[in-house]
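Residue-level listing of the chains:
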Amino acid sequence: MLSHLLSLPTLRFAAARFSLLIVFSILISSPAQSAEVPYLYQAEITVADQNLETRKRAIETALQIVLLRVTGDTDIANKPGVATMLAQPERYLTQFSYRQPATNNSSNSNPERILIIDFQRKAIEGRLTANNIVIWPAERPRILVWLTKEVPVGREWVRFGDEATAYSQLESAMKKRGLPFELPFLDLLDERHLPLEMAGGLIIDSILSASARYQADAVLAGRSYVNRKGILHTEWVLIADRTTKRYRTSSLPQDNPFDPVINHVADFFAAQYTPSQENGSAQASGQNRSGVSIKILSIKTVEQYAALMRYVEQLSGVKNVYPTHVTNEFTEFYIDTELKHQQFSNLLKLDKSLIPAPNQSISAEKPNYSSGSRRSPRQRATQFIWIPPHP
């Protein structure tokens, strides 16, 4: 029933033509293998025909999927202003097209088609922001998936290459929530670091040992079995940074067995990388907003300074950037962010242009604007190397 894992480990960008040293007054760990999700504003809906009314209903459903992806909020349909958006989904439409399902061998034998719908990113984000609804950035943690299943002779690896339907189910569940994923080779090296008995036991140390070569942001491992009633039961463990979460899911044969666990995982990451959905309006109005002070060394030219300012201003969650100290040796900024320190820290871990440098005992100062003072007690800082993105 469940399947084969097919993918290449992602490669890490390790070279830079030049770099600038950035000192952040928050603690960040080593860089992660994140990925920017390219399909956030596109949805595919299976339709019975190409009639206008069918297409209208499909476009509304597609917009609901897109809104769930870009906010991470499972209650998004009930948020202020969203009902109006769903009542007029065509206003956000860019284009649509039809394609034949892969299982259709004859265009005449089955009228079903896949309706591919693209929406306007700026229009949707503008409307959400106007309604104080926070947006989950497109840069998302990449998840490595391991899975074993129970068979009459014991336990074996799930290999999706032999079961296209099962792989499609996993891909569908991930795409529904906008999560990038990768799959292990399951070669001799994997099996040496993660023997079946360890995988079946969900032994954390062994899972991490085998996962290290893939350099993913998070690891999702599961073990499944089917009971006498045909219900699939799966135990899962999610390992993300220093956090471990465990889930139990059950599904009927007609269900997508991955939907429940991927919903749990997406909810977890949405909470890590966006402000609290319950406090969205408070965040947007400036309440509970935090700040980060950064000190950049080796700024030699006005062009470098301007490029860095533009880069910092476009970071997710950044509201304003204030230069607070400029000398011949360094430039210091205060970043006003709508995110809490830990959330902003989590986002920076996914940033491909901010690479942690070896730790040093350097201090950065955080201004206290609320009291009128420009200075607050010194904090221990973490250093980053800034690799300017390619133009």
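So, here's what we can say about the structure. What you see is a predicted model; the values in this text were computed from it and never measured. (Residues numbered from 1 in each chain as written. Predicted model: local features only at pLDDT ≥ 70, side-chain atom pairs only at ≥ 80, totals over all residues. Heavy atoms only, no water.)

**Re the nonpolar core**
Reasoning step 1: Among the nonpolar cores identified, the biggest contains 45 residues, and Val265 and Phe269 are the most heavily contacted of them.
Reasoning step 2: With 8 residues, the single largest contributor to this core is helix H8 (residues 259-273).
Reasoning step 3: With residues up to four places along the chain from it excluded, the contact list for Val265 reads Ile143, Leu179, Leu220, Leu238 and Tyr247. (Core = buried A, V, L, I, M, F, W, Y, C linked by side-chain atoms within 4.5 Å. Buried < 20%, exposed > 50% of the residue type's maximum accessible area, 1.4 Å probe, protein only. Helix = DSSP H or I, 4+ residues; strand = E, 2+ residues; numbered from the N terminus. Contact = heavy atoms within 4.5 Å.)

**Here's the deal with helix H7 (residues 204-211)**
Reasoning step 1: Looking only at H7, the buried set comprises Ser206, Ile207, Ala210 and Ser211. All buried residues of H7 lie within an arc of 130° about the axis, which places them on one face of the element.
Reasoning step 2: Turning to H7, the residues buried within the fold contact strand E7 (143-151), helix H5 (188-193), helix H6 (196-200), strand E10 (218-226) and strand E11 (232-240). (Arc of directions from axis to C-beta.)

**Concerning the pairing of E7**
Reasoning step 1: Within E7, 8 of the 9 residues are buried, which leaves the element mostly enclosed by the surrounding structure.
Reasoning step 2: The sheet contact formed by E7 and strand E9 (residues 181-182) spans 2 bridges and is parallel. Pairing of Ile143 across the sheet is with Phe181, part of E9.
Reasoning step 3: Judged from the 7 bridges that link them, E7 and E10 form a sheet pairing that is parallel. Pairing of Leu144 across the sheet is with Val219, part of E10.
Reasoning step 4: The antiparallel hairpin formed by E7 and strand E8 (residues 154-157) contains 2 residues in its connecting segment. (Pairing = 2+ DSSP bridges.)

**A closer look at helix H10 (residues 302-313)**
Reasoning step 1: The end-to-end C-alpha distance of H10, which contains 12 residues, comes to 17 Å, matching closely the 16 Å that a straight helix rising 1.5 Å per residue would cover.
Reasoning step 2: For H10, every residue scored as buried is listed here: Gln304, Leu308, Met309, Tyr311 and Val312. The buried side chains of H10 occupy one side of the element, clustering within an arc of 165° when seen end-on. In H10, the exposed positions that point more than 90 degrees away from the buried face belong to Val302, Glu303 and Arg310. (Expected span 1.5 Å × (residues − 1).)

**Some points on the packing of aromatic side chains**
Reasoning step 1: Under the counting rule described, the total for this entry stands at 8 aromatic pairs.
Reasoning step 2: Note on Phe185 and Tyr214: the rings are 6.0 Å apart at their centroids and 50° apart in plane angle, and the pair reads as tilted. Note that Phe185 is positioned in the loop between E9 and H5 and Tyr214 in the loop between H7 and E10, a separation of 29 residues in sequence.
Reasoning step 3: Taking relative accessible area as the criterion, Phe185 reaches 33% and is therefore assigned partly exposed.
Reasoning step 4: Given a relative accessible area of 1%, Tyr214 falls into the buried group.
Reasoning step 5: Three or more aromatic residues joined by ring pairs make a cluster, and in this case those are Trp146, Trp157, Phe185 and Tyr214. (Phe/Tyr/Trp six-rings, centres within 6.5 Å; stacked < 30°, edge-to-face > 60°.)

**Looking at unusual backbone geometry**
Reasoning step 1: Notably, Asn132 is not glycine yet its phi reads approximately 60°, a positive angle.
Reasoning step 2: The class for Asn132 is partly exposed, based on a relative accessible area of 35%.
Reasoning step 3: For Leu186, which is not a glycine, the phi torsion comes out positive at approximately 60°.
Reasoning step 4: Inspection of the secondary structure puts Leu186 in the loop between E9 and H5.

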